Amino acid sequence: MRDTYQTPLNSRYASAEMSRLFSDDNRYGLWRRLWVALAAAEKELGLNITDEQIAQMKAQVDNIDYDAVRRYEEMTRHDVMAHVHAFADLCPLASGIIHLGATSCYVTDNADAIILRQALTLIRKKVIEVLRRLKSFALEYKDMPCLGYTHLQPAQLVTVGKRAALWMQDLTMDVDDIDHVLGNVKLLGSKGTTGTQASFLELFDGDEEKCAKAERLIAVAMGVDGVFDVSGQTYPRKMDFSVMAVLSSVAQSAYKFAQDMRLLQSFHELEEPFAKGQVGSSAMAYKRNPMRSERICSLSRHVMTLLQNASMTASTQWFERTLDDSANRRITLPEGFLALDAVLELYANVVDGIVVYPRVISKRIDENLPFMASENILMECVKRGGDRQKLHERIRVLSQEATIRMRTQGLDNDLLDRIADDPAFPLNREDLMNLLDARLYTGRSAHQVEEFIKTRVDPLLSGEMIIIGDVRI
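Residues numbered from 1 in each chain as written. Predicted model: local features only at pLDDT ≥ 70, side-chain atom pairs only at ≥ 80, totals over all residues. Heavy atoms only, no water.

**Student:** What should I look at first to understand the pattern of salt bridges in this one?
**Tutor:** When the charged atoms of two side chains lie near each other, side chains of opposite charge can form a pair. Across all of its chains, the model carries 36 salt bridges by this definition. In this structure, the salt-bridge partner of R429 is D417, at a minimum N-O distance of 2.4 Å. Taken together, the residues R429 in helix 18 (residues 429–434) and D417 in helix 17 (residues 415–421) connect sequence positions 12 residues apart. R429 sits in the partly exposed class, given a relative accessible area of 41%. By relative accessible area, which is 37% here, D417 ends up partly exposed. (Salt bridge = Lys/Arg side-chain N within 4 Å of Asp/Glu carboxyl O. Helix = DSSP H or I, 4+ residues; strand = E, 2+ residues; numbered from the N terminus. Buried < 20%, exposed > 50% of the residue type's maximum accessible area, 1.4 Å probe, protein only.)

This is the structure:
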């Protein structure tokens, strides 16, 4: 429909797999499965419900007449009751026992909890896939020296692979958080209108154990381990906050990676994939803009801002519930997952095609290495009998002179020439050049990459592998 707004999260960014999880078919199919699970539990616990009624419900679970639902909602002004009526029309034998003892949140909240588990599990798989691709990149470039940056100014050397290990470390922390949150996503259960299970206590003639067992049976039927011990009418909205917090955390990690890529592309050291025929600018034909990395940052920012929404919803639930969460959650929760799904698709795509420019990286090292080698030069001079304090002052003066020459005249770094020509230093030009091997200045970078992958990344990757599809750029 070209005359109606469609969210770009579905039409342009997110994967079909994630979009399906938040689709009407998945959501309302879960509602019906929850009604089947409720009826089956009530039957097992002694209520007058027949196998034929349950069988008829099961047969119609996926047969959703959306036109009938729309008509009923126009009449009732209530989405859950509209679905109850539409389902009952298809299951005349079971029409009297559908939704028995339950309140609307029995289906809405339990289904939401299941969808959150499904979606968060998919996010985890995609984070793992990004880690798998980053691992290959990090190992390939673990030994390649490059400038490190602190305050966005040249600092001691690192390696290209070591920098990738920093990106991976953020994601491994995210996986830990995802696993924790997944372990704490629970069903609301069958709690009733204010969480007291009063309606179920009435159905089961005051038998409290049957009320508790009904929840356990429903959870098992829906494939979920836990049910909240206590609740109001809804499950605690702090669970939504916990889920959105971990989405925000992954978005932060992706943003850090993409921002680093944008900066490195501006330095011409690394470049994200650039497709044949891709246009970087409608005006400047020569441009090769980091469009995918920019999109990662753009969508990640959206995910991060949604966390405040979830925190406000969690904090403003009055007593046993209020309905100002409903419309908000319909937007916030799906958008968080759909946007982050797109981020991870892009992240994996960029990592898979990063272009490295060794000569540019080497040239930038050459421009700065004489300064970084100055301490090693100083130590070698001391070994040969020089005075550390006097030589330190000479290097300071010569470094500043070389810097002024570079910045005011645009010339190369001539610090080594200045040191070689200074009689205070007991080193000749050949001695100095031997101290300029960039590999001498990367510390334990390569071994750190190997150790980190072995101890943290490989255990996460074992048995975890999915295919991430093509991304529209």
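We are not done yet, so read on.
**Student:** How should helix 14 (residues 358–372) be read in this particular structure?
**Tutor:** Across its 15 residues, helix 14 extends 19 Å between first and last C-alpha, which sits within 8% of the 21 Å expected from 1.5 Å per residue. Here helix 14 has its buried residues at I361, I365, N368, L369, P370 and M372. The inward-facing, buried residues of helix 14 contact strand 1 (145–150), strand 2 (153–159), helix 8 (160–182), strand 4 (355–356), helix 15 (374–383) and helix 17. (Expected span 1.5 Å × (residues − 1). Contact = heavy atoms within 4.5 Å.)

**Student:** What's the story with the layout of surface pockets in this structure? I'm lost.
**Tutor:** Empty space within the largest pocket amounts to approximately 810 Å³. Taken together, 33 residues line the largest pocket, and the ones lying closest to its centre are R27, D79, D112, S326 and R330. Among the secondary structure elements, those contributing two or more residues to the lining of the largest pocket are helix 1 (8–13), helix 3 (24–44), helix 6 (79–90), helix 7 (104–140) and helix 13 (326–352). In this structure, the second largest pocket occupies an estimated 350 Å³ of space. L147, Q153, P154, R364, E367, N368, F371, M372, T403, M406 and R407 are the residues that line the second largest pocket. Every element with two or more residues in the lining of the second largest pocket is listed here: strand 2, helix 14 and helix 16 (388–409). Of all the elements, helix 14 adds the most residues to the lining of the second largest pocket, at 5 residues. (1 Å grid on protein atoms, 1.4 Å probe; cavity = no way out; pocket = protein on both sides within 12 Å on 5 of 7 lines; lining within 4 Å. Points joined across faces, edges and corners; volume = space filled by probe spheres on them.)

**Student:** I keep staring at the side chain of R237 and nothing clicks. Help me out?
**Tutor:** Following the sequence through the fold, R237 ends up in the loop between helix 10 (208–222) and helix 11 (238–266). Taking relative accessible area as the criterion, R237 reaches 4% and is therefore assigned buried. Polar contacts involving the side chain of R237 include one to the side chain of D109, which spans 2.9 Å. Those residues in contact with R237, other than ones at most four positions away along the chain, are D109, T313, A314, Q317, R321, D325 and R329. (Polar contact = N/O pair within 3.5 Å; in protein donor to acceptor, adjacent residues only side chain to side chain.)

**Student:** Even after reading the chapter, I still don't get unusual backbone geometry, so can you show me in this structure?
**Tutor:** Peptide bonds are mostly trans, and most non-glycine residues show a negative phi. At H99, a residue that is not glycine, the phi angle is positive and equals roughly 70°. Within the secondary structure layout, H99 lies in the loop between helix 6 and helix 7. Here H99 falls in the buried class, since its relative accessible area comes to 13%. Even without a glycine there, the phi angle at L152 is positive, about 60°. In this fold, L152 is placed in the loop between strand 1 and strand 2.

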